[in-house]
Number of protein chains: 2
Amino acid sequence: MMKHEPDEPLLALADPTRRAILRLVWDEELPAGDIAAHFPVTRPAISRHLRVLRDANLVEEHRVGTKRLYRARPERIEELRSYLENYWEAGLGEIKRLAEREAMRKRNEDG
Amino acid sequence: MMKHEPDEPLLALADPTRRAILRLVWDEELPAGDIAAHFPVTRPAISRHLRVLRDANLVEEHRVGTKRLYRARPERIEELRSYLENYWEAGLGEIKRLAEREAMRKRNEDG
DNA sequence: TTGTTACGTAACCGCAAGGTTACAAAGTTT
DNA sequence: AAACTTTGTAACCTTGCGGTTACGTAACAA
(Lines give C-alpha, C1' and ligand atoms only; values in the text may rest on other atoms or scores of the structure.)
Protein backbone atom coordinates (compact mmCIF):
# COMPACT_ATOMS: atom_id res chain seq x y z
CA MET A 1 0.00 0.00 0.00
CA MET A 2 2.85 2.36 0.92
CA LYS A 3 0.65 5.16 2.24
CA HIS A 4 2.05 8.67 1.92
CA GLU A 5 5.04 9.99 3.72
CA PRO A 6 4.17 10.27 7.39
CA ASP A 7 5.96 13.54 7.96
CA GLU A 8 3.82 14.75 10.82
CA PRO A 9 4.25 11.76 13.14
CA LEU A 10 7.95 11.43 12.32
CA LEU A 11 8.54 15.08 13.02
CA ALA A 12 6.56 14.75 16.22
CA LEU A 13 8.76 11.89 17.38
CA ALA A 14 11.94 13.71 16.44
CA ASP A 15 11.62 15.76 19.63
CA PRO A 16 12.82 13.99 22.78
CA THR A 17 10.29 15.72 25.04
CA ARG A 18 7.47 14.50 22.85
CA ARG A 19 8.85 10.98 22.82
CA ALA A 20 8.86 11.11 26.60
CA ILE A 21 5.32 12.46 26.73
CA LEU A 22 4.13 9.74 24.42
CA ARG A 23 5.62 7.13 26.71
CA LEU A 24 3.91 8.68 29.70
CA VAL A 25 0.46 8.42 28.19
CA TRP A 26 1.10 5.11 26.51
CA ASP A 27 -0.41 2.91 29.18
CA GLU A 28 -2.47 5.38 31.19
CA GLU A 29 -4.57 8.44 30.63
CA LEU A 30 -3.07 11.57 32.18
CA PRO A 31 -4.28 15.16 32.59
CA ALA A 32 -2.19 17.84 30.90
CA GLY A 33 -1.03 19.23 34.23
CA ASP A 34 0.33 15.92 35.48
CA ILE A 35 2.20 15.49 32.23
CA ALA A 36 3.72 18.94 32.44
CA ALA A 37 4.86 18.24 35.99
CA HIS A 38 7.32 15.66 34.62
CA PHE A 39 9.29 18.21 32.64
CA PRO A 40 11.52 21.19 33.36
CA VAL A 41 9.71 23.47 30.92
CA THR A 42 6.57 25.52 31.53
CA ARG A 43 3.06 24.17 31.19
CA PRO A 44 2.19 26.11 28.04
CA ALA A 45 5.20 24.60 26.32
CA ILE A 46 3.93 21.11 27.13
CA SER A 47 0.48 22.15 26.01
CA ARG A 48 1.89 22.90 22.59
CA HIS A 49 3.79 19.63 22.48
CA LEU A 50 0.52 17.88 23.22
CA ARG A 51 -1.05 19.76 20.34
CA VAL A 52 1.64 18.57 17.97
CA LEU A 53 1.18 14.98 19.12
CA ARG A 54 -2.55 15.32 18.72
CA ASP A 55 -2.25 16.80 15.22
CA ALA A 56 -0.03 13.88 14.32
CA ASN A 57 -2.75 11.57 15.62
CA LEU A 58 -0.35 9.93 18.01
CA VAL A 59 -2.43 11.00 20.99
CA GLU A 60 -6.07 11.68 21.71
CA GLU A 61 -7.71 13.93 24.25
CA HIS A 62 -11.03 14.01 26.03
CA ARG A 63 -12.32 16.36 28.67
CA VAL A 64 -13.55 15.50 32.10
CA GLY A 65 -14.56 18.38 34.28
CA THR A 66 -11.97 21.06 33.86
CA LYS A 67 -9.31 18.52 33.03
CA ARG A 68 -8.15 17.27 29.68
CA LEU A 69 -7.00 13.69 29.64
CA TYR A 70 -4.52 12.47 27.10
CA ARG A 71 -3.67 8.98 25.99
CA ALA A 72 -1.71 7.35 23.21
CA ARG A 73 -3.36 5.95 20.08
CA PRO A 74 -1.65 2.59 19.57
CA GLU A 75 -3.30 1.95 16.18
CA ARG A 76 -1.83 5.14 14.74
CA ILE A 77 1.52 4.44 16.31
CA GLU A 78 1.42 0.98 14.82
CA GLU A 79 0.79 2.59 11.46
CA LEU A 80 3.97 4.60 11.73
CA ARG A 81 5.84 1.58 13.00
CA SER A 82 4.89 -0.46 9.99
CA TYR A 83 5.74 2.37 7.63
CA LEU A 84 9.24 2.39 9.06
CA GLU A 85 9.41 -1.39 9.00
CA ASN A 86 8.65 -1.10 5.34
CA TYR A 87 11.15 1.67 4.84
CA TRP A 88 14.00 -0.35 6.33
CA GLU A 89 13.02 -3.48 4.54
CA ALA A 90 12.85 -1.78 1.17
CA GLY A 91 16.46 -0.78 1.62
CA LEU A 92 17.71 -3.93 3.24
CA GLY A 93 15.88 -5.92 0.60
CA GLU A 94 18.05 -4.24 -2.01
CA ILE A 95 21.14 -5.17 -0.10
CA LYS A 96 20.02 -8.74 0.28
CA ARG A 97 19.36 -8.95 -3.44
CA LEU A 98 22.84 -7.63 -4.14
CA ALA A 99 24.35 -10.12 -1.75
CA GLU A 100 22.56 -12.94 -3.50
CA ARG A 101 23.71 -11.77 -6.88
CA GLU A 102 27.23 -11.60 -5.49
CA ALA A 103 26.97 -15.10 -4.08
CA MET A 104 25.74 -16.38 -7.43
CA ARG A 105 28.62 -14.72 -9.20
CA LYS A 106 31.06 -16.37 -6.83
CA ARG A 107 29.43 -19.75 -7.27
CA ASN A 108 29.87 -19.40 -11.01
CA GLU A 109 33.49 -18.39 -10.61
CA ASP A 110 34.31 -21.29 -8.32
CA GLY A 111 32.32 -23.75 -10.35
CA MET B 1 22.04 -0.74 27.23
CA MET B 2 19.37 1.70 26.03
CA LYS B 3 21.90 4.07 24.40
CA HIS B 4 21.05 7.75 24.50
CA GLU B 5 18.28 9.43 22.64
CA PRO B 6 19.16 9.31 18.95
CA ASP B 7 17.97 12.80 18.16
CA GLU B 8 20.29 13.42 15.25
CA PRO B 9 19.31 10.42 13.11
CA LEU B 10 15.63 10.80 13.96
CA LEU B 11 15.68 14.45 13.02
CA ALA B 12 17.55 13.56 9.84
CA LEU B 13 14.87 11.05 8.88
CA ALA B 14 12.07 13.45 9.70
CA ASP B 15 12.71 15.22 6.40
CA PRO B 16 11.17 13.53 3.35
CA THR B 17 13.93 14.66 1.00
CA ARG B 18 16.53 13.08 3.25
CA ARG B 19 14.55 9.87 3.50
CA ALA B 20 14.49 9.77 -0.30
CA ILE B 21 18.22 10.46 -0.51
CA LEU B 22 18.94 7.71 1.96
CA ARG B 23 16.97 5.27 -0.14
CA LEU B 24 18.89 6.30 -3.25
CA VAL B 25 22.26 5.53 -1.75
CA TRP B 26 21.08 2.50 0.12
CA ASP B 27 22.11 -0.08 -2.37
CA GLU B 28 24.54 1.84 -4.56
CA GLU B 29 27.15 4.50 -4.21
CA LEU B 30 26.23 7.75 -5.94
CA PRO B 31 28.03 11.04 -6.58
CA ALA B 32 26.47 14.15 -5.06
CA GLY B 33 25.54 15.52 -8.46
CA ASP B 34 23.58 12.45 -9.49
CA ILE B 35 21.72 12.55 -6.21
CA ALA B 36 20.83 16.20 -6.62
CA ALA B 37 19.50 15.49 -10.11
CA HIS B 38 16.64 13.52 -8.54
CA PHE B 39 15.21 16.50 -6.71
CA PRO B 40 13.56 19.77 -7.58
CA VAL B 41 15.77 21.84 -5.28
CA THR B 42 19.20 23.24 -6.06
CA ARG B 43 22.41 21.30 -5.69
CA PRO B 44 23.70 23.22 -2.67
CA ALA B 45 20.49 22.38 -0.82
CA ILE B 46 21.12 18.69 -1.43
CA SER B 47 24.73 19.14 -0.40
CA ARG B 48 23.53 20.33 2.98
CA HIS B 49 21.07 17.46 3.30
CA LEU B 50 23.96 15.12 2.66
CA ARG B 51 25.89 16.86 5.40
CA VAL B 52 23.07 16.32 7.84
CA LEU B 53 22.87 12.64 6.93
CA ARG B 54 26.60 12.32 7.31
CA ASP B 55 26.62 14.05 10.70
CA ALA B 56 23.91 11.65 11.78
CA ASN B 57 26.15 8.79 10.63
CA LEU B 58 23.47 7.49 8.33
CA VAL B 59 25.66 7.97 5.29
CA GLU B 60 29.36 7.93 4.51
CA GLU B 61 31.33 9.69 1.81
CA HIS B 62 34.57 9.08 0.00
CA ARG B 63 36.22 11.00 -2.80
CA VAL B 64 37.18 9.75 -6.19
CA GLY B 65 38.62 12.28 -8.58
CA THR B 66 36.58 15.40 -8.27
CA LYS B 67 33.53 13.40 -7.26
CA ARG B 68 32.25 12.57 -3.82
CA LEU B 69 30.49 9.26 -3.57
CA TYR B 70 27.88 8.66 -0.93
CA ARG B 71 26.45 5.45 0.41
CA ALA B 72 24.28 4.40 3.32
CA ARG B 73 25.67 2.92 6.52
CA PRO B 74 23.41 -0.05 7.25
CA GLU B 75 24.96 -0.76 10.66
CA ARG B 76 24.09 2.71 11.92
CA ILE B 77 20.67 2.55 10.41
CA GLU B 78 20.17 -0.77 12.12
CA GLU B 79 21.11 0.92 15.38
CA LEU B 80 18.32 3.44 14.96
CA ARG B 81 15.93 0.74 13.88
CA SER B 82 16.53 -1.26 17.01
CA TYR B 83 16.20 1.82 19.19
CA LEU B 84 12.75 2.38 17.75
CA GLU B 85 11.90 -1.31 18.05
CA ASN B 86 12.74 -0.92 21.68
CA TYR B 87 10.75 2.26 22.00
CA TRP B 88 7.59 0.70 20.60
CA GLU B 89 7.99 -2.45 22.62
CA ALA B 90 8.47 -0.57 25.88
CA GLY B 91 5.07 1.00 25.32
CA LEU B 92 3.31 -1.97 23.88
CA GLY B 93 4.73 -4.07 26.67
CA GLU B 94 2.86 -1.90 29.13
CA ILE B 95 -0.33 -2.42 27.23
CA LYS B 96 0.17 -6.14 27.10
CA ARG B 97 0.73 -6.23 30.83
CA LEU B 98 -2.49 -4.29 31.36
CA ALA B 99 -4.37 -6.63 29.08
CA GLU B 100 -3.12 -9.61 31.03
CA ARG B 101 -4.09 -8.08 34.32
CA GLU B 102 -7.50 -7.37 32.84
CA ALA B 103 -7.84 -10.93 31.61
CA MET B 104 -6.93 -12.23 35.02
CA ARG B 105 -9.52 -10.00 36.63
CA LYS B 106 -12.16 -11.28 34.29
CA ARG B 107 -11.16 -14.86 34.93
CA ASN B 108 -11.59 -14.27 38.64
CA GLU B 109 -14.99 -12.66 38.09
CA ASP B 110 -16.22 -15.49 35.95
CA GLY B 111 -14.71 -18.13 38.18
C1' DT C 1 -21.87 35.73 41.74
C1' DT C 2 -17.43 35.44 42.94
C1' DG C 3 -13.39 32.95 43.20
C1' DT C 4 -10.47 28.99 42.05
C1' DT C 5 -8.74 25.30 39.21
C1' DA C 6 -6.99 23.46 34.97
C1' DC C 7 -6.33 24.34 30.88
C1' DG C 8 -5.45 26.43 25.94
C1' DT C 9 -4.09 30.60 23.14
C1' DA C 10 -1.81 34.96 21.76
C1' DA C 11 2.16 37.71 21.33
C1' DC C 12 6.75 37.79 21.41
C1' DC C 13 11.77 36.24 21.19
C1' DG C 14 15.95 33.70 19.84
C1' DC C 15 17.52 30.43 16.90
C1' DA C 16 18.01 26.93 13.64
C1' DA C 17 16.23 24.73 9.12
C1' DG C 18 15.94 24.74 4.44
C1' DG C 19 16.07 27.35 0.39
C1' DT C 20 18.60 30.54 -2.94
C1' DT C 21 22.69 32.84 -5.35
C1' DA C 22 27.50 33.75 -5.52
C1' DC C 23 31.97 32.18 -4.72
C1' DA C 24 36.05 29.10 -3.41
C1' DA C 25 38.58 24.89 -3.87
C1' DA C 26 40.32 20.69 -5.59
C1' DG C 27 41.00 17.50 -9.41
C1' DT C 28 40.96 16.64 -14.47
C1' DT C 29 41.92 17.89 -19.15
C1' DT C 30 44.22 20.24 -22.80
C1' DA D 1 49.29 27.34 -17.11
C1' DA D 2 44.57 27.70 -18.27
C1' DA D 3 40.09 26.04 -18.47
C1' DC D 4 36.51 23.03 -17.12
C1' DT D 5 34.03 19.80 -13.84
C1' DT D 6 32.30 18.65 -9.51
C1' DT D 7 31.46 19.84 -5.31
C1' DG D 8 31.34 22.29 -0.70
C1' DT D 9 30.85 26.86 1.77
C1' DA D 10 29.42 31.67 2.84
C1' DA D 11 26.02 35.06 3.16
C1' DC D 12 21.51 35.97 3.14
C1' DC D 13 16.30 35.41 3.53
C1' DT D 14 12.09 33.48 5.14
C1' DT D 15 9.73 30.32 7.86
C1' DG D 16 8.86 27.44 11.67
C1' DC D 17 10.05 25.63 16.39
C1' DG D 18 10.37 25.65 21.16
C1' DG D 19 10.52 28.54 24.94
C1' DT D 20 8.58 32.40 27.91
C1' DT D 21 4.94 35.58 30.05
C1' DA D 22 0.36 37.36 29.99
C1' DC D 23 -4.24 36.60 29.19
C1' DG D 24 -8.78 34.15 27.99
C1' DT D 25 -12.09 30.46 29.10
C1' DA D 26 -14.73 26.69 30.80
C1' DA D 27 -16.05 23.95 34.79
C1' DC D 28 -16.51 23.54 39.48
C1' DA D 29 -16.85 25.29 44.46
C1' DA D 30 -18.29 28.60 48.04
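Residues numbered from 1 in each chain as written. Chains lettered and ligands numbered in written order. Predicted model: local features only at pLDDT ≥ 70, side-chain atom pairs only at ≥ 80, totals over all residues. Heavy atoms only, no water.

### Brief notes about the relation of the copies chain A and chain B
Reasoning step 1: By a simple turn and slide, chain A fits onto chain B: the slide is 0.0 Å along the axis, the RMSD is 0.1 Å, and the turn is 179°. Such a turn and shift between the copies fits a two-fold axis.
Reasoning step 2: Looking at chain A, 100% of its interface residues are interface residues in chain B too, so the copies touch through the same face. (Least-squares fit on C-alpha atoms with pLDDT ≥ 70 in both. Contact = heavy atoms within 4.5 Å.)

### A closer look at the pattern of salt bridges
Where charged atoms of side chains with opposite charge meet at close range, the side chains can pair.
Reasoning step 1: Taken as a whole and judged by the stated rule, the model has 25 salt bridges over all chains.
Reasoning step 2: Close ionic contact of Arg23(A) with Glu5(B) constitutes a salt bridge, the shortest N to O distance being 3.9 Å. Of this pair, Arg23(A) sits in helix H2 (residues 16-24) while Glu5(B) is found in the segment before helix H1 (7-13), placing the two residues in two different chains.
Reasoning step 3: The class of Arg23(A) is partly exposed, set by a relative accessible area of 29%.
Reasoning step 4: In this structure, Arg81(A) engages Glu78(A) in a salt bridge whose closest nitrogen and oxygen atoms are separated by 3.3 Å. (Salt bridge = Lys/Arg side-chain N within 4 Å of Asp/Glu carboxyl O. Helix = DSSP H or I, 4+ residues; strand = E, 2+ residues; numbered from the N terminus. Buried < 20%, exposed > 50% of the residue type's maximum accessible area, 1.4 Å probe, protein only.)

### Let's talk about the protein's contact with DNA strand D
Reasoning step 1: The environment of DNA strand D is formed by 21 residues, the closest being Thr42(A), His49(A), Gly33(B), Thr66(B) and Tyr70(B).
Reasoning step 2: Between DNA strand D and Gly33(B) there is a distance of 2.9 Å, counted from a phosphate oxygen to a backbone nitrogen or oxygen.
Reasoning step 3: The separation between a base oxygen of DNA strand D and a polar side-chain atom of Arg43(B) is 3.3 Å.
Reasoning step 4: For the surface near DNA strand D, the secondary structure elements donating two or more residues are helix H4 (43-55) of chain A together with helix H3 (32-37), helix H4 (43-55) and strand S3 (67-72) of chain B.
Reasoning step 5: Partitioned by chemical class, the residues of the surface near DNA strand D number 7 nonpolar, 7 polar and 7 charged. (Near = heavy atom within 4 Å. Polar contact = N/O pair within 3.5 Å; in protein donor to acceptor, adjacent residues only side chain to side chain. Nonpolar A, V, L, I, M, F, W, Y, C, P; charged D, E, K, R; others polar.)

### Describing the protein's contact with DNA strand C
Reasoning step 1: Gly33(A), Thr66(A), Tyr70(A), Thr42(B) and His49(B) are the nearest of the 21 residues found near DNA strand C.
Reasoning step 2: Protein-proximal atoms of DNA strand C, defined as those within 4 Å of the protein, fall in sugar or phosphate at a share of 65%.
Reasoning step 3: Tyr70(A) has a polar side-chain atom sitting 2.3 Å from a phosphate oxygen of DNA strand C.
Reasoning step 4: At the level of elements, helix H3 (32-37), H4 and strand S3 (67-72) of chain A together with H4 of chain B are the ones that each hand at least two residues to the surface near DNA strand C.
Reasoning step 5: Within the surface near DNA strand C, the residues separate by chemical class into 7 nonpolar, 7 polar and 7 charged.

### What to know about the pairing of strand S2 (residues 59-64) of chain B
All names here are of chain B.
Reasoning step 1: Across 6 bridges, S2 lies against S3 in antiparallel orientation. Within the sheet, the bridge partner assigned to glutamate 61 lies in S3 and is tyrosine 70.
Reasoning step 2: Linking S2 to S3, which pair antiparallel, is a turn of 2 residues; within it glycine 65 sits at a positive phi near 60°. (Pairing = 2+ DSSP bridges.)

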